[in-house]
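# Structural characterization, general
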Amino acid sequence: MAAIDDQLKTVLTRVTQAREDALQPAPQTRLVAVSKGHNAGAVLPCLQAGHRLFGENRVQEAGAKWPALRDTYPDIELHLIGPLQSNKLREAMDLFEVIETLDREKLALAIAKTGEGERGRLRACFIQVNTGEEDQKAGILPHEADDFIRWCRDDLALPVSGLMCIPPAGDNPAPHFTLLRDMAARHALPNLSMGMSGDFEIAIRFGATHVRVGTAIFGERG
Ligand SMILES: *Cc1c(COP(=O)(O)O)cnc(C)c1O
């Protein structure tokens, strides 16, 4: 396996190429480097290469890894891409600029209950949509999503700026990306987080503004 900074460069080049090949790419596509399961030593080459946007799926792991790195690199932007328990919300808001996994009423209410000045670093939420309607997967079901998006934005005044999905493994991801893109367009939501190591180029074709890539940068997780 090549060095991590080389892999990062390769993925960034593939993102650029996919955007050039796409008929209607988003105005920009940002790479969320997913560092879950990898330690600070693996992240450092990315930071030294100038990359600042990262994703983690667990609050506790992020809390152990990132505060020290932020001392050196204060302009890091961290996205939570895994399920969030309401009792970890306070901690999450102190760690993450973006929660991409707003996936249920209880969590929306918990965020709404914190005042705007008490949200730590948090400045945006993406709503996770369970486009494959999988029992084991988090996210709002597609037929409930329009109402949920409206409720979060209009009634709770949450800073919702996008949608996120994880298509079922083995499915053709294209219909899932289409569903998410059309839903975001209906609500004029600017951000679309979709695409991982195996399918980020396809996601870019369907308008991804954020692709979440772990393995292709950092290698297999231990
Ligand atoms: C782990 C993870 C990724 C990255 O997956 P890779 O296949 O390693 O690129 C992306 N999104 C979510 C939600 C994840 O949990």
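Residues numbered from 1 in each chain as written. Predicted model: local features only at pLDDT ≥ 70, side-chain atom pairs only at ≥ 80, totals over all residues. Heavy atoms only, no water.

## With respect to the packing of aromatic side chains
Per the stated rule, a full pass over the model turns up three aromatic pairs. When the ring of phenylalanine 148 is compared with that of tryptophan 151, the centres are 5.9 Å apart and the planes differ by 45°; the resulting orientation is tilted. Residue phenylalanine 148 and its partner tryptophan 151 are both found in helix 6 (residues 142-155); the two are separated by three residues, about one turn of the helix. Ring geometry for phenylalanine 177 versus phenylalanine 206: centroids 6.5 Å apart, planes at 50°, classification tilted. Pair noted here: phenylalanine 177 is in helix 7 (residues 174-186) and phenylalanine 206 is in the loop between helix 8 (200-205) and strand 8 (210-213), with a separation of 29 residues, a long-range link. The same class applies to phenylalanine 177 as to phenylalanine 206, namely buried. (Phe/Tyr/Trp six-rings, centres within 6.5 Å; stacked < 30°, edge-to-face > 60°. Helix = DSSP H or I, 4+ residues; strand = E, 2+ residues; numbered from the N terminus. Buried < 20%, exposed > 50% of the residue type's maximum accessible area, 1.4 Å probe, protein only.)

## Some thoughts on the site of the ligand
As a matter of local geometry, the ligand sits amid Lys36, Ile81, Met164, Ile166, Met196, Ser197, Arg212, Val213, Gly214, Thr215 and Arg221. A distance of 2.5 Å is found between an oxygen atom of the ligand and a side-chain nitrogen or oxygen belonging to serine 197. Here an oxygen atom of the ligand and a backbone polar atom of glycine 214 are 2.8 Å apart. Contact with the protein chains removes 89% of the 390 Å² of surface that the ligand exposes when unbound. According to the grid-proximity analysis, the pocket containing the ligand is the largest pocket. Partitioning the shell around the ligand into residue classes produces five nonpolar, three polar and three charged. (Near = heavy atom within 4 Å. Polar contact = N/O pair within 3.5 Å; in protein donor to acceptor, adjacent residues only side chain to side chain. Areas by Shrake-Rupley, 256 points an atom, 1.4 Å probe, with all protein chains shown as cover. 1 Å grid on protein atoms, 1.4 Å probe; cavity = no way out; pocket = protein on both sides within 12 Å on 5 of 7 lines; lining within 4 Å. Sits in = over half its atoms within 2 Å of the grid points. Nonpolar A, V, L, I, M, F, W, Y, C, P; charged D, E, K, R; others polar.)

## Focus on the packing of helix 5 (residues 105-113) against helix 6
Contact geometry of helix 5 with helix 6 gives a least axis separation of 11 Å together with a crossing angle of 10°. One way to sum up the angle between helix 5 and helix 6 is to call them roughly parallel. Residues Glu105, Ala108 and Leu109 of helix 5 pack against Phe148, Trp151 and Cys152 of helix 6. A breakdown of the residues in the contact of helix 5 with helix 6 according to their chemical character gives five nonpolar, no polar and one charged. (Axes fitted to C-alpha atoms, helices over the stretch in contact; angles between N-to-C directions. Parallel < 35°, antiparallel > 145°, perpendicular 65-115°, else oblique. Contact = heavy atoms within 4.5 Å.)

## Describing the nonpolar core
Phe54, Leu102, Ile127, Leu163, Met194 and Ile217 are the most contacted members of the largest nonpolar core, which has 62 residues in total. Not counting chain neighbours up to four residues away, the residues in contact with isoleucine 217 comprise Ile4, Gln7, Leu8, Val11, Leu31, Ala33 and Cys46. (Core = buried A, V, L, I, M, F, W, Y, C linked by side-chain atoms within 4.5 Å.)

## So, the layout of surface pockets
Taken as a whole, the largest pocket encloses approximately 390 Å³ of empty space. Lining the largest pocket are 22 residues, and of these Lys36, Ile166, Met196, Arg212 and Arg221 sit closest to its centre. One number sums up the size of the second largest pocket: a volume of about 220 Å³. Lining the second largest pocket are 15 residues, and of these Ala26, Arg181, Leu192, Phe206 and Gly207 lie nearest its centre. When its residues are assigned to classes, the lining of the second largest pocket shows 10 nonpolar, three polar and two charged. (Points joined across faces, edges and corners; volume = space filled by probe spheres on them.)

## Regarding the side chain of arginine 212
Residue placement: arginine 212 occurs in strand 8. Glutamate 100 provides the closest opposite charge to the buried, unpaired arginine 212, separated from it by 4.3 Å. In this structure the side chain of arginine 212 is engaged in a polar contact, spanning 3.1 Å, whose partner is the backbone oxygen of cysteine 165. Excluding its chain neighbours within four sequence positions, the residues that come into contact with arginine 212 are Val32, Val34, Ile81, Glu100, Met164, Cys165, Ile166, Ser193, Met194, Gly195, Met196 and Ser197. (Lys, Arg positive; Asp, Glu negative; His and termini not counted. Salt bridge = Lys/Arg side-chain N within 4 Å of Asp/Glu carboxyl O.)

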